[in-house]
Amino acid sequence: MALINLAAREINYKIVYYGCGLSGKTTNIQYIYRRVNPSARGRLVSIATEEERTLYFDFLPLSLGTVKGLRTRFHLYTVPGQSFYNASRKLVLQGVDGVVFVADSQVARLDENVDSYLNLWDNLMEHGEDPSNLGIVLQLNKRDLSSIFSVADLSDLLNHTESPVIEACALTGVGVFETLKTVCKQVIAKSSHL
Amino acid sequence: MAGRKGLVINDGQMQLIDGVLNKLQRVTGSNFVALVTTSGQPITTAPPHADADTLSLAALAAGSFAATRQLAQVLKEREFSLLFHEGRESNLHVMQVTEQILLLITFGRETQVGRVRLYTGRAVEVLKPVFEAAENTSGDEQIVDRDYSREAGTAIDAWFPGESDG
Ligand SMILES: Nc1nc2c(ncn2[C@@H]2O[C@H](COP(=O)(O)OP(=O)(O)O)[C@@H](O)[C@H]2O)c(=O)[nH]1
Ligand SMILES: [Mg+2]
C-alpha cells in the first residue's frame, strides 16, 4: 500500500504496467514522459538489454504537487515481459497500489497475453495481495493493427475483476493518458476507503 | 516478500530516524545516507534534500537489492543482507533494515569499509524497531479523505494540459 510519510508530509503510490513482452508497456511510459507537464515528471530510468527494451524495469516518478498539504507522487514501473524474467517482475510488484495490464490485441499474441495475465495473478497471490485493495485497468493496446481480437473477447479472457477497459494505441498516444488517469484515481479511491 | 502491510511514519519516528542517519553520516564521514523501501520508494536522506536524483537512486537500489536476493536463492545462500558496490571514487553499501526497508550509504575510497560496516550495523539495530512499529500502523484513512481524493483528481487532470482524452 501507499507509503505515507507524515513527518515529510508525503504520499507515494506505486503503479505497475504489466503484460507480455512487446505489448507496449515501455511505449506507454515513454509517451507519458514526453507529453506530461515537465514540472511534474522526474527522470525516466530504464534498465534494458539489446534484445528486449526492458530487463528489470522502466521507472518514471510523476509528481502531483501538494494535495491538501501532502506532497503526492506516483511511481510508474514497467515489468519485463519474457517468462524468464519472473524474478524481476515479482520484485517490481512489491508494494504495488495499482496495476495496468497492457494487452497486445493482436490475434497472434493470444497465448502470450493469457500467460502473462495468469502470471500476474500468481505473483500477486504470492505477495498476499487482496485484489480488492488494488487499482486495476485493462488496456487493450495496438488497436491500430488489423488482425486483432474484439474488445469483448479480450475482456472475457483478461478481466475477471471487471475492471475498466481502455482501448489504446500507445504508439500515437491514444488512450495512454486515459489509462494513467483512471488507474491513479482508482488507487487514491482505494486508499481512502481502507 | 512484503505483503500489503502499511507503512506510516509519524513525526516522532521521523525525528528519531533522521537523528540516527545524521549521526551515521558524521561518524562514517559518508557523503550520503538514505533510507528507501524495498519497493523502491525513498523515505529520507542525510543530508536532507541531498539530490534531485534520490528517486532514481531509491528505485535502482531496491531493484539491485532484489536482484541480489534472487542471486542468493539461485546460489542456495540463505540470504545476502548486504550489497556492496565499489567504484573508482566512492563506494555504495546497501543493507537490509527490515523486510520493507533498506539503508543506503555512500562513502569515499579513503574511508575504511570496516568502520562503515560497524557503524551501519549499529544504526540498523536502532532503526529496526522503529520501522517495525511503523509497519504495523495504518493511519491513512484520516489523511486520504474525500477532499483529498477530489483535489487529487483535479490535479491528475491537470497533468496533461490541453489533452482532450480522459
Ligand atoms: N502498431 C503498434 N505498435 C505498437 C503500439 N504500442 C507499442 N508498439 C510497438 O511494439 C513494440 C514493443 O513495444 P514496447 O513498449 O517496447 O513493449 P514492452 O515490451 O511491453 O515494453 C515496439 O516496436 C513499439 O513501437 C501500438 O499501439 N501500435
Ligand atoms: Mg519494455
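Keep in mind it's a predicted model, so treat the numbers as computed, not measured.

A word on the site of ligand 1
All names here are of chain A. The full set close to ligand 1 counts 17 residues, and Leu22, Lys25, Thr26, Thr27 and Asp144 are the nearest of them. Between ligand 1 and Thr27 there is a distance of 2.5 Å, counted from an oxygen atom to a side-chain nitrogen or oxygen. Between an oxygen atom of ligand 1 and a side-chain N or O atom of Asn141, the distance comes to 3.0 Å. The leading source of residues in the shell around ligand 1 is helix H1 (residues 25-35), at three residues. Its residues placed into classes, the shell around ligand 1 shows six nonpolar, six polar and five charged.

Looking at the confidence of the model for chain B
Residues and elements named next belong to chain B. Looking at chain B, pLDDT values average 80 and 81% of them are 70 or higher. Model confidence for chain B, summarised as mean pLDDT per element, is weakest for strand E4 (residues 82-86) at 70 and strongest for helix H1 (residues 11-28) at 91. Low pLDDT, under 50, characterises residues 1-5; the predicted model gives this stretch 20 contacts beyond four residues in sequence or across chains. Confidence metrics for the complex model read pTM 0.81 and ipTM 0.85.

Observations regarding the interface of chain A and chain B
Across the boundary between the two partners, chain A contributes 60 residues, which contact 50 residues of chain B. Summing the contributions of chain A and of chain B, the shared interface buries around 5000 Å²; its carbon and sulfur component is 61%. At the junction of chain A with chain B, the criterion picks out two salt bridges. A salt bridge links B:Asp145 to A:Lys68; its shortest N-O distance comes to 2.8 Å. For the pair chain A and chain B, the number of links is seven residue pairs in polar contact (both at pLDDT 80 or more). Of all elements in the fold, only strand E1 (3-5), strand E2 (10-18), H1, strand E4 (58-67), strand E5 (70-78), helix H2 (86-93) and helix H5 (176-192) of chain A reach the threshold of two or more residues within the side of chain A that touches chain B. For the side of chain A that touches chain B, the element with the most residues is H5(A), which contributes ten residues. Residues belonging to the side of chain A that touches chain B are distributed by class as follows: 33 nonpolar, 15 polar and twelve charged. The pairing of E1(A) with strand E1 (residues 7-9) of chain B spans three bridges and is parallel.

A closer look at the side chain of B:Ser56
In this fold, B:Ser56 is placed in helix H2 (residues 54-74). For B:Ser56, a relative accessible area of 6% translates into the label buried. Filtering out sequence-adjacent residues up to four positions away, B:Ser56 remains in contact with A:Arg43, A:Val45 and A:Phe59.

Here we look at the pattern of salt bridges
Across all of its chains, the model carries ten salt bridges over all chains by this definition. Where A:Arg109 meets A:Glu112, a salt bridge forms, and the shortest distance between an N and an O atom there is 3.4 Å. Residue A:Glu112 is classed as partly exposed on the basis of its relative accessible area of 31%. Salt-bridge contacts for B:Arg150 lead to B:Asp147; the nearest nitrogen and oxygen are separated by 3.0 Å. In this pair, B:Arg150 and B:Asp147 are both assigned in helix H4 (residues 146-157), three residues apart and thus about one turn of the helix distant. Residues joined in a network through salt bridges with shared partners are A:Asp104, A:Arg109, A:Glu112 and A:Lys142.

Focus on the pairing of E4(A)
All names here are of chain A. Along E4, seven of the ten residues are buried, which leaves the element largely enclosed by surrounding structure. In the sheet, strand E3 (residues 45-46) pairs with E4 via two bridges, with the strands oriented antiparallel. Looking at the pairing, Ser46 lines up with Asp58 of E4. Here E4 hands over to E5 after two residues, with Lys68 in that stretch at a positive phi of 50°.

A closer look at helix H4 (residues 151-158) of chain A
Residues and elements named next belong to chain A. Where H4 is concerned, the buried positions are Leu154, Ser155 and Leu158. Along the long axis of H4, the arc covered by the buried residues comes to 100°, so they all point the same way. Where H4 is buried, its residues touch strand E6 (98-104), helix H3 (110-126), strand E7 (135-141) and strand E8 (165-167).

The rules behind the values
Each chain carries its own residue numbering, running from 1 in the written order of its sequence. Both sets of labels track the order of writing: A upward for chains, 1 upward for ligands. A pLDDT threshold of at least 70 governs which residues receive local features in this predicted model, and a stricter bar of 80 or more applies before side-chain atom pairs are shown or counted, although totals over entire chains, interfaces and linings include all residues. Excluding hydrogens and water, the side-chain values take into account all heavy atoms of the structure. Think of it this way: one heavy atom of a residue within 4 Å of a molecule or strand is enough to make that residue near it. We define a polar contact as two N or O atoms separated by no more than 3.5 Å, with the added condition that, inside protein, one atom must be a possible hydrogen donor and the other a possible acceptor, whereas residues neighbouring each other in sequence contribute only through side-chain atom pairs. Each helix is a run of H or I in the DSSP string that is no shorter than four residues. Each strand is a run of E no shorter than two, and both are numbered from the N terminus. Under this grouping Gly is polar, as are all residues other than the nonpolar Ala, Val, Leu, Ile, Met, Phe, Trp, Tyr, Cys and Pro and the charged Asp, Glu, Lys and Arg. A residue's pLDDT is the predictor's confidence in that residue, given on a scale from 0 to 100. Should any heavy atoms of two residues lie within 4.5 Å, those residues are counted as being in contact. Computed with a 1.4 Å rolling probe, the buried area is the accessible surface lost when two parts are put together, summed over both parts. Here, a salt bridge means any side-chain nitrogen of Lys or Arg that lies within 4 Å of a carboxyl oxygen of Asp or Glu. Any two strands with at least two DSSP-identified bridges between them are counted as paired. To sort residues, take the accessible area from a 1.4 Å probe on protein chains only and compare it with the maximum for the residue type: under 20% means buried, over 50% means exposed, and anything in between is partly exposed. Note: the arc covers the axis-to-C-beta directions of the helix.

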